[in-house]
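What follows is each chain in one-letter form.
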Amino acid sequence: MTGMAERIANKLEQALAPLHLNVIDESHQHQGHGGWREGGETHFRVEIVSVAFAGKSRLERHRLVNGALAQELAESVHALAIAARSPGEG
């Protein structure tokens, strides 16, 4: 895991106590596209399962993740794809 991926994972673990968390650096797939920088760590995918998402809409779940990662999104993360589920969801 890259430095930024670890930072993202740590922030989400602290904020949302996930039962499952997978942070994937997809920066290499965006080389030459907007927001990409040499060295990567700009485009990420997050797969997260947390009780905190129970009863929440997709928008509310994304807001929780984006809120936990506000500093990273403001500083260096250009794109974040989010798959957020509550326990028991497929």
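Look up: the structure comes first, before these words.
None of the values given here were measured: they were computed from a predicted structure. Chains are numbered independently. Their residues run from 1 in the order of the written sequence. Where totals are concerned, whole chains, interfaces and linings use all residues; where local detail is concerned, this predicted model gives features only for residues with pLDDT of at least 70, and gives and counts side-chain atom pairs only at 80 or more. Note that the side-chain values use all heavy atoms of the structure and ignore hydrogens as well as water.

Trainee: Help me understand the side chain of Arg61 in this model?
Mentor: For the purposes of this entry, the term helix denotes a DSSP run of H or I that reaches at least four residues, the term strand denotes a run of E that reaches at least two, and both are numbered from the N terminus. Tracing the chain through its elements places Arg61 in helix α2 (residues 58-68). The contact criterion used throughout is that any non-hydrogen atoms of two residues lie within 4.5 Å. Setting aside anything within four residues of it in sequence, one finds Arg61 in contact with Phe53, Lys56, Ala84, Arg85, Ser86 and Glu89.

Trainee: Explain unusual backbone geometry to me, please; I cannot follow it from the model alone.
Mentor: Backbone geometry at Ala17 places phi at a positive 40 degrees, although glycine is not the residue there. As for its position among the elements, Ala17 is in the loop between α1 (3-16) and β1 (20-25).

Trainee: Is there a simple way to think about the pairing of strand β3 (residues 79-85) in this case?
Mentor: Alternating residues of β3 divide into Leu80, Ile82 and Ala84, all buried, and Ala79, Ala81, Ala83 and Arg85, none buried. Whether two strands pair comes down to DSSP finding at least two bridges between them. As paired elements, strand β2 (residues 43-49) and β3 share 7 bridges and run parallel to each other. Looking at β3, one finds that Phe44 is bridged to Leu80. Each residue gets one of three labels from its accessible area relative to the maximum for its type: buried under 20%, exposed over 50%, partly exposed in between, using a 1.4 Å probe on protein chains only.

Trainee: I would appreciate a short explanation of the side chain of Ser50 in the present structure.
Mentor: Of note, Ser50 is situated in the loop between β2 and α2. With a relative accessible area of 1%, Ser50 lands in the buried category. Apart from the residues within four sequence positions on either side, Ser50 is in contact with Leu16, Ala17, Pro18, Arg85, Ser86 and Pro87.

Trainee: Explain α2 here, please?
Mentor: Note that an α-helix has 3.6 residues per turn; residues three or four places apart therefore point the same way. Burial in α2 covers these residues: Arg61, His62, Val65 and Ala68. When α2 is viewed along its axis, its buried side chains cluster within an angular range of 130 degrees and face the same direction. The secondary structure elements touched by the buried residues of α2 are α1, β2, α3 (70-75) and β3. Each direction from the helix axis to a C-beta atom contributes to the arc, which is the arc of those directions.

Trainee: Explanation requested: the nonpolar core in the structure shown.
Mentor: The nonpolar side chains of a soluble globular protein tend to be buried with one another. Among buried residues, those of type Ala, Val, Leu, Ile, Met, Phe, Trp, Tyr and Cys that are joined through side-chain atoms within 4.5 Å constitute a nonpolar core. Membership of the largest hydrophobic core comes to 18 residues, with the highest contact counts inside it found for Ile8, Leu12, Phe44, Ile48 and Val65. For this core, the secondary structure elements donating two or more residues are α1, β2, α2 and β3. Per-element tally for this core: the top contributor is α1, with 6 residues.

Trainee: Would you mind going over the environment of Phe44 with me for this structure?
Mentor: Within the secondary structure layout, Phe44 lies in strand β2. Relative accessible area serves as the criterion here: at 2%, Phe44 is assigned to the buried category. Once the C-alpha coordinates of Phe44 and Leu80 are considered, the two residues, 36 residues apart in sequence, prove to be 4.9 Å apart.

By themselves, these observations are geometric and do not establish any function.
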